[in-house]
Protein chains: 2
Amino acid sequence: MREAYYDELEGVFADLSEMTRLVEVAVQTATQALLTGDAEIAERVISADAEIDSRREKVENDAFNLLSLQQPVAGDLRQIVAALRIVSELERMGDLAEHVAKVARLRVPGLAVPEDLRPTITRMSTIALEMVGRLRVVISDRDVDAAARLAEIDEEMDKLRRLNFTELLRKDWTHGVEAAVDVALLGRYYERIADHAVGIANRVVFVVTGDFPVAG
Amino acid sequence: MREAYYDELEGVFADLSEMTRLVEVAVQTATQALLTGDAEIAERVISADAEIDSRREKVENDAFNLLSLQQPVAGDLRQIVAALRIVSELERMGDLAEHVAKVARLRVPGLAVPEDLRPTITRMSTIALEMVGRLRVVISDRDVDAAARLAEIDEEMDKLRRLNFTELLRKDWTHGVEAAVDVALLGRYYERIADHAVGIANRVVFVVTGDFPVAG
């Protein structure tokens, strides 16, 4: 019975890890749609979000059943409670990738991001993607060192967000209000994806060490 | 022992209700700062957010202890799991009110919202505030009818969000890129506050009826 229980607990974290992989694909594909202005690619992200949502339901149900049937305490209980929090943040990350895809779709056959702002948005997407990729390792291996590294990478995201605003608000902006609003919101979506990655990583650190590094 | 347990469970929901009241104050005060351009009022929201965060910690700890010491099942377990989800959404609503206050602070002594966009932003803030006020009743009374009403009110928020974009993107926009970006982000913050209110209300419906009305 105990062994079956640990298998189930591992199963929940395996599902979280798999969800993180789906979020990674969503962020990557949404960025591709954004930078190419390809409506079909954007649609792919939007319809794939249902899969992330249904995984969320599965994890919530499995976690609930574990709590109900096994009545775990201490560290095991902490892991399941963390899983419930992590799953809702992962779902949210998927929604944010979907938002990126929707901005891309709205501007087809044009591009939402003007040429001279592409480097910053591309860099933000690369950082977001790297963070989600590392998050998968944090979750699957409950790797505390990898979690700490995420907070460091997030500092670059914060810098890029400031640069993004500086670029938008310079006096010689010629791309009009629509492009400015799109890029401001896109910057926000990538920043939030990164924030959630750090928040989840902090939860994992808490599960492993009992210590909460930064407010998640 | 059972009675003490129900008192503790009620205590968790009383804390959630009190947190909702703090969020309500935050949204109201942030909007006041936004519409008056008063830096002191903005600061008040920003520093008050720590109180919401510390309440979140208390609810999480209390819920954890209830799970650990009382090993609830069925409906009681469902309530505690819902409380964990609700508390993180409430914390997030507080953060969003803080974001509104920060936009206000950034433009002092000016106003972030141009005169002719004030009606829509004011209406969005009024709707958000009404939703948070009703959410408090949903949580404290676990009132399913009041929860259903929230989803209806949210439809007006969605309409206002579209109107907000239409206003921003009209051809004769004369307020510059900075104001457009501010108003686009402010619209997003109020919309998200409303989304969280609906998400929490749906969780409460689930707790009471076992049925989930809309993806939260």
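Residues numbered from 1 in each chain as written. Chains lettered and ligands numbered in written order. Predicted model: local features only at pLDDT ≥ 70, side-chain atom pairs only at ≥ 80, totals over all residues. Heavy atoms only, no water.

Caption draft 1: Inspection of the environment of B:Glu43 at higher detail. Residue and element names in this part refer to chain B. Mapped onto the secondary structure, glutamate 43 falls in helix H2 (residues 39-70). Its relative accessible area of 36% is what places glutamate 43 among the partly exposed residues. Distance in space between the C-alpha atoms of glutamate 43 and serine 125 is 19 Å, their sequence separation being 82 residues. (Helix = DSSP H or I, 4+ residues; strand = E, 2+ residues; numbered from the N terminus. Buried < 20%, exposed > 50% of the residue type's maximum accessible area, 1.4 Å probe, protein only.)

Caption draft 2: Fine view of the confidence of the model for chain A. Residue-level pLDDT values for chain A average 94, and 97% of them are 70 or greater. Within chain A, no element has a lower average pLDDT than helix H1 (residues 2-36) of chain A, which sits at 94, and none a higher one than helix H4 (residues 118-141) of chain A, at 97. (pLDDT = per-residue confidence, 0-100.)

Caption draft 3: Representation of the interface of chain B and chain A within the structure. The interface is formed by 35 residues belonging to chain B together with 34 residues belonging to chain A. With both sides pooled, the region where chain B packs onto chain A buries about 2,900 Å², and carbon together with sulfur makes up 64% of that total. Among the residues chain B hides against chain A, the three largest losses belong to B:Phe64, B:Val177 and B:Arg188. Together they make up 18% of the total. Counting the contacts that link chain B with chain A gives 6 salt bridges. Taken together, chain B and chain A are joined by 5 residue pairs in polar contact (both at pLDDT 80 or more). Among the secondary structure elements, those contributing two or more residues to the side of chain B that touches chain A are H2, helix H3 (74-107), helix H5 (144-168) and helix H6 (176-209) of chain B. Its residues assigned to classes, the side of chain B that touches chain A comprises 19 nonpolar, 5 polar and 11 charged. (Contact = heavy atoms within 4.5 Å. Buried area = accessible area lost by both parts, 1.4 Å probe. Salt bridge = Lys/Arg side-chain N within 4 Å of Asp/Glu carboxyl O. Polar contact = N/O pair within 3.5 Å; in protein donor to acceptor, adjacent residues only side chain to side chain. Nonpolar A, V, L, I, M, F, W, Y, C, P; charged D, E, K, R; others polar.)

Caption draft 4: Molecular detail of the pattern of salt bridges. All told, the structure shown has 50 salt bridges over all chains when counted by the stated rule. Residues A:Arg55 and A:Glu51 are paired through a salt bridge, measuring 2.8 Å at the closest nitrogen-oxygen approach. Remark: A:Glu51 and A:Arg55 occur in helix H2 (residues 39-70); sequence separation between them is 4 residues, near one turn of the helix. Exposure remark for A:Arg55: the relative accessible area of 25% places this residue in the partly exposed category. The salt bridge partner of B:Lys102 is B:Glu98, with a shortest N-O separation of 3.6 Å.

Caption draft 5: How the structure looks around the packing of helix H3 (residues 74-107) of chain A against H2(B). In the contact formed by H3(A) and H2(B), the axes pass within 11 Å of each other and the chain directions differ by 130 degrees. Looking at the two axes, H3(A) sits oblique to H2(B). Crossing hand, H3(A) versus H2(B): right-handed. Taking contact as the criterion, the partners of A:Ala74, A:Leu77, A:Arg78, A:Val81 and A:Arg85 in H3(A) are, on H2(B), B:Arg56, B:Glu60, B:Phe64, B:Leu67 and B:Ser68. (Axes fitted to C-alpha atoms, helices over the stretch in contact; angles between N-to-C directions. Parallel < 35°, antiparallel > 145°, perpendicular 65-115°, else oblique. Left-handed = near helix turned anticlockwise from the far one by under 90°.)

Caption draft 6: Fine view of the environment of A:Ala197. Residue and element names in this part refer to chain A. Position of alanine 197 relative to the elements: it lies in helix H6 (residues 176-209). When its relative accessible area of 1% is taken as the criterion, alanine 197 is described as buried. Considering only alpha carbons, one finds alanine 197 and glycine 133, 64 residues apart in sequence, at a separation of 9.7 Å. Apart from the residues lying within four places of it in its own chain, the contact partners of alanine 197 are Met93, Met131, Leu135 and Leu150.

Caption draft 7: Seen up close, unusual backbone geometry. Each neighbour pair has its own omega, and for A:Val108 with A:Pro109 the value is 10 degrees, a cis peptide bond. Relative to the helices and strands, A:Pro109 is located in the loop between H3 and H4. You will see that A:Ala74, though not glycine, has its phi angle at about 50 degrees, which is positive. Along the chain, A:Ala74 falls in helix H3. Residue B:Arg142 is not a glycine yet carries a positive backbone phi of 45 degrees. Of note, B:Arg142 is situated in the loop between helix H4 (118-141) and H5.

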